[in-house]
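Per-entry structural report
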Amino acid sequence: MNCEETLALLRDHCDGALPEGVSSAVRRHLMACRDCHRAERQELRLLAVLRSQPVVPPRPGFAHDALRRARRQGSGAFPASRSRWFVGGFAGGLASAVGAAAVWMLLVVAPGQPPGSAESAFGTVADDVQRVGVVIQSPSDLDAVTVSLVLPEGFELAGHPGKQHLSWTTRLTKGENMLSLPIIARAQHDDELFVNLRHGNDTRIFRVRLTAPRAPAAAAPGAVTG
Amino acid sequence: MACRRSVFETLLEPHIPHLYRLAFRFCAQREDAEDLVQELLTKLYPRTGELECLDRPRPWLSRVLYRLYVDRYRRAVRDPVEFFEHTDLHPSGLPEPDQAAERLGLQQRIADALNCLNEDQRAVVILHDIEGFSLPEVQLILDVPLGTLKSRLNRAHSRLRGVLSDDEAVEPSADRRRVGI
């Protein structure tokens, strides 16, 4: 068995999905070929990292509550509860609880920076994905917060190619909430990202400077204004 | 009715941990994952009789969950950002540099790379590589030919391996990481 044949069968070999005779041939080649052995180790390492991706556990009692609710709703005894999927608005009472006195603070956080300096830095996380971190200080738990991003030309959010405007609904908890924005920078110039946070009648718009990656060793600091 | 409730719970309860985990893989948010599982259970309750006849319920349930995800959620903008509800802030109000560096470890980079895959590739990686379904089972869940699945896996792995290569190429050091938290 040659390298090309071995590499074509490598994933099935790692899955244990090959017939014994073929699997033996692959194993013999891997023992003899350093390059293919390295490819096998990369594949196994990738699978190990993927399988170790953490899962945030559900809230306590979720299974019991979900089954009970399914019984009630499925039998027609109770109407389907409004889930987040169908939220078109939010409780006015909650909005009024926040009121005009809500204070939104948006800080772009970089390590080693003194408090109040509000600078941004790109963190390399993958070949072309960089992370911009923002901390949002919320005065209380808030549901149905609309987050809108307006990205400059040459920058995009990972997973949403070609989109300069993005909007979604999320929730904030009282205190610090950290946003981690996976930004793909294709531009060679610095620019600004606008982050719009809206809850009820309370809206704040922040500008976050995006710094195009320079040489791998350094990243120029940016600034946020809001 | 009491007998039917008992049958429903007996059939579904053992699968809820897996269904939630799968929902979380797709949605990446706890609340969305809980909502997705809730929607699934509500839909399945009237079909309790059908569930009793399933020989291997796990792939079937996963298929229904995935279809629900595609129909109800994939069309909306998936919340692309990560919220950490409990930040490790030191008294000055900013994370320690080492803590920030740890957050952007290999797992985070792989998670980011997963988010960069298109949805078809991402679904195959989640089901096969992460959740351990065999390719024939993934074929059943996604209703996609085996050759297409292998092709999607190859492209996805090629991209994801790039992240590992980058990690192996440099010395592990907090100083070398340009961290944006």
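Residues numbered from 1 in each chain as written. Chains lettered and ligands numbered in written order. Predicted model: local features only at pLDDT ≥ 70, side-chain atom pairs only at ≥ 80, totals over all residues.

Quick look at the overall build of chain B now. When helices and strands are tallied, chain B shows 10 helices and one strand. Going from N to C terminus, chain B has its helices and strands arranged as α-α-α-α-α-β-α-α-α-α-α. Pairs at least 24 apart in sequence give 68% of the contacts found in chain B among residues at least 6 apart. (Helix = DSSP H or I, 4+ residues; strand = E, 2+ residues; numbered from the N terminus. Contact = placed C-beta atoms within 7 Å.)

So, on to the overall build of chain A. In terms of regular secondary structure, chain A is built from five helices and 10 strands. Looking at chain A as a whole, 33% of its 226 residues are labelled buried. Within chain A, contacts between residues separated by at least 24 positions form 65% of all contacts whose residues are at least 6 apart in sequence. (Buried ≥ 20, exposed ≤ 12 C-beta atoms within 10 Å, placed from the backbone.)

The next subject is the nonpolar core. Membership of the largest hydrophobic core comes to 69 residues, with the highest contact counts inside it found for A:Ile183, B:Leu19, B:Ala23, B:Leu36, B:Val37 and B:Leu65. The element best represented in this core is helix α2 (residues 16-27) of chain B, accounting for eight residues. Sequence-distant contacts of B:Ala23, that is, excluding residues within four places in its chain, are made with B:Ala33, B:Leu36, B:Val37 and B:Leu65. (Core = buried A, V, L, I, M, F, W, Y, C linked by C-beta atoms within 7 Å.)

The next thing to look at is the packing of helix α1 (residues 3-15) of chain A against helix α3 (residues 34-51) of chain A. Residues and elements named next belong to chain A. Here α1 crosses α3 at 25°, and the two axes come no closer than 10 Å. Considered as vectors, α1 and α3 are oriented roughly parallel to each other. When you trace α1 past α3, the crossing you get is right-handed. Every residue of α3 that contacts α1 at Cys3, Thr6, Leu7, Leu10, Arg11 and Cys14 is listed here: Asp35, Cys36, Ala39, Glu40, Glu43, Leu44 and Leu47. Considered class by class, the residues forming the contact of α1 with α3 number eight nonpolar, one polar and four charged. (Axes fitted to C-alpha atoms, helices over the stretch in contact; angles between N-to-C directions. Parallel < 35°, antiparallel > 145°, perpendicular 65-115°, else oblique. Left-handed = near helix turned anticlockwise from the far one by under 90°. Nonpolar A, V, L, I, M, F, W, Y, C, P; charged D, E, K, R; others polar.)

A few words now on α3(A). Residues and elements named next belong to chain A. In a regular helix each residue adds 1.5 Å, so 18 residues correspond to 26 Å; α3 covers 26 Å between its end C-alpha atoms and thus fits that length. Taken together, the buried positions of α3 are Cys36, Glu40, Leu46 and Leu50. The buried residues of α3 occupy one face: seen down the axis, they fall within an arc of 125°. Turned more than 90 degrees away from the buried face of α3 sit Arg34, Arg38, Arg41, Leu44 and Ala48, all of them exposed. (Expected span 1.5 Å × (residues − 1). Arc of directions from axis to C-beta.)

When glycine is set aside, most residues are seen to have a negative phi, and most peptide bonds are trans. Residues other than glycine seldom take positive phi values, yet A:Ala144 does so here, at roughly 55°. Along the chain, A:Ala144 turns up in strand β4 (residues 142-150). Unlike most non-glycine residues, B:Asp143 shows phi in positive territory, near 60°. The exposure class of B:Asp143 is exposed, given the 10 C-beta atoms found within 10 Å.

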